[in-house]
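# Remarks on the overall topology
Okay, here's what each chain looks like letter by letter:
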Amino acid sequence: MTEEYAIEVQNLSKKFGDFLAVDNISFNVKKQEIFGFLGPNGAGKSTTIRMLCTLARPSGGDAKINGYDLLKQPDQVRASIGLVSEKMIMYEQLTAAENLRFFGNLYQMPREKIDRKTDELLALVNMTKWKNAQIKTYSTGMRQRINVIRAMLTEPQIIFMDEPTLGLDPQTTLSIRQLIRDINKNGTTVILTTHAMVEAEALSERVAIIDHGKIVALDTPQNLKKLVKDADLTVISARIPNLTPVMAEHLKALDCVTAFDQQDAYDIKISARGSEGFDRIIDSIRHDGGNITMINTNEPTLEDVFLSVTGKAMRDQSEKPKMSGRRHGPWGAPRARVR
Ligand SMILES: Nc1ncnc2c1ncn2[C@@H]1O[C@H](COP(=O)(O)OP(=O)(O)OP(=O)(O)O)[C@@H](O)[C@H]1O
Ligand SMILES: [Mg+2]
């Protein structure tokens, strides 16, 4: 395995009957990176994670996890990873400490190490005082914190997290995101699936956008945004009280100007591309005795990236509608999570 990579995936596929849920995907995850998997409901995110965690058998392709062959060394793969799954796997009647002990025993961890890690991890998520309370008395956010530290118990080098903040309130969501950053800072590689675009962007060093089982784009959020047409467009509004046709012609002729719109005798709107020409526009307006009234940069979102690479909208139902009143796309209603 190349030293640089924690995970190397080659031509991985998963069929359910005739349905291709994961369609020949290849990607690498760097060591100690937070790698985001972003896509709409049914895109194949969980299926991919399940295959990489040895919980589902690939229909084709292969992967190396921590240098171990997914198909030939599943036990070693399992021993070196942690999973925060979509479904919480915890015993309601047991306390947090008992659940963690049960899980540690499955992994044949020494009792002393289980106890030490339990105290350390409960402290990390501010749950020490709930150590001996049954899970059934916990709020959703508390459960999710235990769910996350359960995956950290065995000190895996890689942690997979399938929608770690789904269904959590905004405050708990932020605290889980911070926990993910902290886990990563301690050297753990994190693979995260989400259909929250802000989450993918806020956490991930690189994001793979997945749709209909295929990776349609993969890069840093910053580079992905460059795929969007007019990503670097800035609109400058200005008022020039003594605006003359010569001044207008001069502004229009500047290299970076893509559109010039004179709204009345002295209000103008200029669209410009790139940042170099920017100073020249502002200098010219000032030179003409004008004032800048507004500058709007057109910072694209990952939603715009999705639209640009798939031709359809991807709306995350958990986010607030935009001011522009973007309509709901074929993202669909939130699925009832009863599986
Ligand atoms: N065990 C299964 N049998 C048949 N079809 C399945 C099975 N598991 C998943 N699928 C189908 O495979 C596709 C991908 O599902 P998957 O759960 O991987 O999507 P996802 O990207 O995780 O979506 P979500 O955001 O809703 O969690 C879906 O169409 C799903 O219905
Ligand atoms: Mg899923």
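Described below are features of the structure shown in this document. Worth saying up front: this structure is predicted, and the values here are computed from it rather than measured.

### Looking at the coordination of the magnesium ion (ligand 2)
- For the magnesium ion (ligand 2), the full set of protein donor atoms is S46 (OG) and E86 (OE), at a range of 2.0 to 2.7 Å. Within this pair, whereas S46 is found in helix α1 (residues 45-52), its partner E86 is found in the loop between β6 (81-84) and α3 (96-106), the two being separated by 40 residues in sequence.

### Concerning helix α9 (residues 245-253)
- When α9 is considered as a whole, its buried residues turn out to be M247, A248 and L251. The arc enclosing the buried residues of α9, seen along the axis, measures out at 100°, which places them on a common side. Opposite the buried face of α9, at more than 90 degrees from it, the exposed residues are P245, V246 and A253.
- Residues of α9 that are buried in the fold lie against β12 (257-262), β13 (267-273) and α10 (278-287).

### Observations concerning the pairing of strand β9 (residues 206-211)
- For β9, the buried fraction is high: 6 of the 6 residues fall into the buried class.
- Alternating positions in β9 separate into two faces, R206, A208 and I210 on one and V207, I209 and D211 on the other, with burial throughout.
- By the bridge criterion, 4 bridges tie strand β3 (residues 34-38) to β9 in an arrangement that is parallel. By the bridge assignment for β9, F35 is matched with R206.
- Pairing of β9 with strand β10 (residues 214-219) involves 5 bridges; the strand directions are antiparallel. Counted as the bridge partner of D211 is K214 from β10.
- A loop of 2 residues connects β9 with β10, the two strands running antiparallel in sequence, and H212 in this loop sits at a positive phi of about 50°.

### Points about the packing of aromatic side chains
- This model, assessed by the stated rule, comprises 6 aromatic pairs.
- Each ring, one from F27 and one from F37, has its centre 5.3 Å from the other, and the planes form 50°; the classification is tilted. Of this pair, F27 sits in strand β2 (residues 19-30) while F37 sits in strand β3, and the two are 10 residues apart along the sequence.
- By relative accessible area, which is 1% here, F37 ends up buried.
- Every member of this aromatic cluster is reached through a ring pair, and the members are F27, F35 and F37.

### Section: the side chain of T48
- Mapped onto the elements of the fold, T48 is located in helix α1.
- Judged by relative accessible area, T48 falls into the buried class, the value being 1%.
- A polar contact is formed between the side chain of T48 and the backbone oxygen of G44, at a distance of 2.7 Å.
- The contacts of T48, once residues within four sequence positions are left out, are V22, I25, F27, F37 and I210.

### Some points on the pattern of salt bridges
- Scanning the model with the defined rule gives 18 salt bridges in all.
- For R111, the salt bridge goes to D115, with nearest N and O atoms at 3.4 Å. Placement of the pair is R111 and D115 together in helix α4 (residues 111-124), with a separation of 4 residues, close to one helical turn.
- Given a relative accessible area of 48%, R111 falls into the partly exposed group.

### Considerations on the site of ligand 1
- Around ligand 1 lies a shell of 17 residues, among which G42, G44, K45, S46 and T47 are the nearest.
- Contacts to ligand 1 include G44, whose backbone N or O atom sits 2.9 Å from an oxygen atom.
- A distance of 3.0 Å separates an oxygen atom of ligand 1 from a polar atom in the side chain of E86.
- Elements that contribute at least two residues to the shell around ligand 1 include exactly β2 and α1.
- With 3 residues, the single largest contributor to the shell around ligand 1 is α1.
- Broken down by class, the residue content of the shell around ligand 1 amounts to 5 nonpolar, 6 polar and 6 charged.

Cut-offs used in this document
- Residues numbered from 1 in each chain as written.
- Chains lettered and ligands numbered in written order.
- Predicted model: local features only at pLDDT ≥ 70, side-chain atom pairs only at ≥ 80, totals over all residues.
- Heavy atoms only, no water.
- Donors = N, O, S within 2.8 Å, 3.2 Å for Na, K, Ca; no water.
- Helix = DSSP H or I, 4+ residues; strand = E, 2+ residues; numbered from the N terminus.
- Buried < 20%, exposed > 50% of the residue type's maximum accessible area, 1.4 Å probe, protein only.
- Arc of directions from axis to C-beta.
- Contact = heavy atoms within 4.5 Å.
- Pairing = 2+ DSSP bridges.
- Phe/Tyr/Trp six-rings, centres within 6.5 Å; stacked < 30°, edge-to-face > 60°.
- Polar contact = N/O pair within 3.5 Å; in protein donor to acceptor, adjacent residues only side chain to side chain.
- Salt bridge = Lys/Arg side-chain N within 4 Å of Asp/Glu carboxyl O.
- Near = heavy atom within 4 Å.
- Nonpolar A, V, L, I, M, F, W, Y, C, P; charged D, E, K, R; others polar.

Taken by themselves, the reported measurements are silent on function.
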